[in-house]
Amino acid sequence: MQQFASDNYAGMCPEALAYLEKANGGHVPAYGEDPYTEEVCERFREIFKHDCEVFFVFNGTAANSLALSTYCKPYHSVICSEFAHIETDECGAPEFFSHGSKILTAAGEQGRLGYEGIASVVHKRSDVHYPKPKVVSVTQATELGTVYDVNQLRNVQRAAQDFDLKIHMDGARFANALAELKATPAEITHEVGVDVLCLGGTKNGLAVGDAVIFFNRDDAAEFDYRCKQSGQLASKMRFISAQWLGILENDAWLKYGEHANNCAIQLESELKKIDELELLFPRQANSVFVNLPEHVRNGLAAKGWRFYTFIGAGGVRLMCSWNTQPESITNFIRDLKGLL
Ligand SMILES: *Cc1c(COP(=O)(O)O)cnc(C)c1O
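Read on for a plain summary of the structure.

Criteria and thresholds
Residues numbered from 1 in each chain as written. Predicted model: local features only at pLDDT ≥ 70, side-chain atom pairs only at ≥ 80, totals over all residues. Heavy atoms only, no water. Core = buried A, V, L, I, M, F, W, Y, C linked by side-chain atoms within 4.5 Å. Buried < 20%, exposed > 50% of the residue type's maximum accessible area, 1.4 Å probe, protein only. Helix = DSSP H or I, 4+ residues; strand = E, 2+ residues; numbered from the N terminus. Domains from an automatic or database assignment. 1 Å grid on protein atoms, 1.4 Å probe; cavity = no way out; pocket = protein on both sides within 12 Å on 5 of 7 lines; lining within 4 Å. Points joined across faces, edges and corners; volume = space filled by probe spheres on them. Nonpolar A, V, L, I, M, F, W, Y, C, P; charged D, E, K, R; others polar. Pairing = 2+ DSSP bridges. Near = heavy atom within 4 Å. Polar contact = N/O pair within 3.5 Å; in protein donor to acceptor, adjacent residues only side chain to side chain. Areas by Shrake-Rupley, 256 points an atom, 1.4 Å probe, with all protein chains shown as cover. Contact = heavy atoms within 4.5 Å. Expected span 1.5 Å × (residues − 1). Arc of directions from axis to C-beta. Disulfide = S-S within 2.5 Å.

Residues Phe44, Phe56, Ile118, Ile213 and Trp244 are the most contacted members of the largest nonpolar core, which totals 59 residues. The leading source of residues in this core is helix α10 (residues 238-248), at six residues. Split by domain, this core shows at least three residues from each of two domains, domain 1 (13-250) and domain 2 (252-339).

Right, dumping it as structure tokens:
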């Protein structure tokens, strides 16, 4: 049965799988010197309309941690939302890989950071006893299922400029944000000052393998050493990069992002019809957060439904994926109604 616990419960999309088969065709050089890796880096330069430098790692935690470590000395700090994955879900990896940089959380609305929140963290102290803010990290789409529009990103950029901060974007669900915003990849990254994007592939339909995209080539100097030292340099990198070729071709990544979002729209509209239920955040990506009474949560669990209740600001998080089927939504709603 399909689940709404996380978008990484879903398997691989056919496009990625087809390219895995293709990449299995013969001998090619290892450690990213292969033609698939070269081609997908070129594709990213076209898609982002920018001469970016691209690396592949095994997961989002590594992507975020290594990208942040690039900018942070041990006495620096990273400003992010209190709900940010780097704060709540990475077991201190950003601090570990940066050898001690501290994560500082800022208040914001609906999972986003705004100018005031960033400013208040920066202005809290300015002396040597406070870890010096160096990076502001935004998640697109956010952990609460909202997105930053271009204006909201410009506010972050203004703060970054005023306080001399680099901008890191955790794009574990970047394709969902793109689909919602109808923006181009360039418009919501380097054109609003993003220095590095950790682009998630796993939740978008790959088996494994996220991309780290630096928009300033100088920032990427020696990042290959950082990947290797942390055990993140895939020797058969073609099996990561070829999957990416599969989902970038014919904009499959955007199609899947949009599909997941549309499923969440359907799920939200069904939940809204049930008077007793309270929805927590406006749906803007592929998740819906809802308060469910304890007996309903237990009843759904007894019927085999799995979901998370520890993400964000409480409530049950229901996540749609690249291959969520309409029947799964119907079945879930039927079981839910039966318990009310
Ligand atoms: C899933 C996710 C990641 C990456 O998690 P890994 O398990 O390390 O791949 C990063 N950021 C956000 C917001 C996520 O949802």
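Having seen the model, we can carry on.
Tallying each qualifying case throughout the model produces two cavities of 30 Å³ or more. Ala172, Arg173, Phe174, Ala175, Asn176, Gly200, Lys203 and Asn204 together form the lining of the largest cavity. Of the residues in the lining of the largest cavity, the class split is three nonpolar, three polar and two charged. Of the pockets and cavities examined, the second largest cavity occupies roughly 30 Å³. Lining the second largest cavity are Cys80, Ser81, Ala84, Gly111, Ser137, Val138, Thr139, Glu143 and Tyr148. At the level of secondary structure, the elements contributing two or more residues to the lining of the second largest cavity comprise β2 (76-81) and β4 (132-139). For the lining of the second largest cavity, the class distribution of residues is four nonpolar, four polar and one charged.

Attention shifts here to the environment of Gln266. In this structure, Gln266 sits in helix α11 (residues 252-272). Residues Gln266 and Pro326, spaced 60 residues apart in sequence, show a C-alpha to C-alpha distance of 8.3 Å.

So, about the pairing of strand β9 (residues 287-291). In terms of burial, β9 is a largely internal element, four of the five residues being buried. Pairing analysis gives two bridges linking strand β8 (residues 278-279) to β9, with the strands arranged antiparallel. Residue pairing in the sheet places Leu279 in a bridge with Val290 of β9. Sheet topology places β9 next to strand β10 (residues 316-319); four bridges connect them, and they run antiparallel. Bridge pairing links Val290 to Val316 in β10.

Turning to the site of the ligand, a few remarks are in order. The ligand sits among Asn59, Gly60, Thr61, Asn64, His85, Glu90, Thr139, Glu143, Asp170, Ala172, Arg173 and Lys203. Between the ligand and the protein, one listed contact pairs an oxygen atom with a backbone N or O atom of Gly60 at 2.9 Å. Between Lys203 and the ligand, the recorded distance is 2.6 Å, taken from a side-chain N or O atom to an oxygen atom. Here the ligand loses 82% of its free accessible area of 390 Å² to cover by the protein chains. If you tally residues by element for the shell around the ligand, the top one is helix α3 (residues 60-71), at three residues.

With that out of the way, let us pick up the side chain of Ser241. Along the chain, the position of Ser241 falls in helix α10. Among residues more than four places away in sequence, those in contact with Ser241 are Asp34, Tyr36, Thr37, Val40 and Phe56.

We now examine helix α7 (residues 150-163). Its 14 residues place the ends of α7 20 Å apart at the C-alpha level, agreeing with the 20 Å of an ideal helix rising 1.5 Å per residue. Listing the buried residues of α7 in full gives Leu153, Val156, Gln157, Ala159, Ala160 and Phe163. Taken around the axis of α7, the buried residues stretch over an arc of 160 degrees, which confines them to a single face. Opposite the buried face of α7, at more than 90 degrees from it, the exposed residues are Asn151 and Gln161. Of the surrounding elements, those touching the buried residues of α7 are α6 (115-123), β4 and β5 (166-171). At the N-terminal end of α7, a side-chain oxygen is found 3.1 Å from the backbone nitrogen of Asn151, two or three residues along, and the residue is Asp149. Once α7 finishes, Asp164 follows within two positions and takes phi at roughly 55 degrees, a positive value.

To continue, consider the state of the cysteines. Note on terminology: disulfide describes a covalent bond linking the sulfur atoms of two cysteines. Across all of its chains, the model carries zero disulfides by this definition. In this structure Cys13 is a free cysteine whose sulfur lies 15 Å from that of Cys263, the closest cysteine sulfur available. Not engaged in a disulfide, the cysteine Cys72 finds its nearest cysteine sulfur in Cys80; these two sulfurs lie 11 Å apart.

Here we take up helix α12 (residues 294-302). For α12, the full list of buried residues reads Val296, Gly299 and Leu300. The buried residues of α12 occupy an angular sector of 100 degrees when projected down its axis, which confines them to one face. When the buried face of α12 is taken as reference, the exposed residues oriented beyond 90 degrees from it are Glu294 and Ala302. Buried residues along α12 sit against α13 (326-339). The positive-phi residue at the C-terminal boundary of α12 is Gly304, with phi of around 100 degrees.

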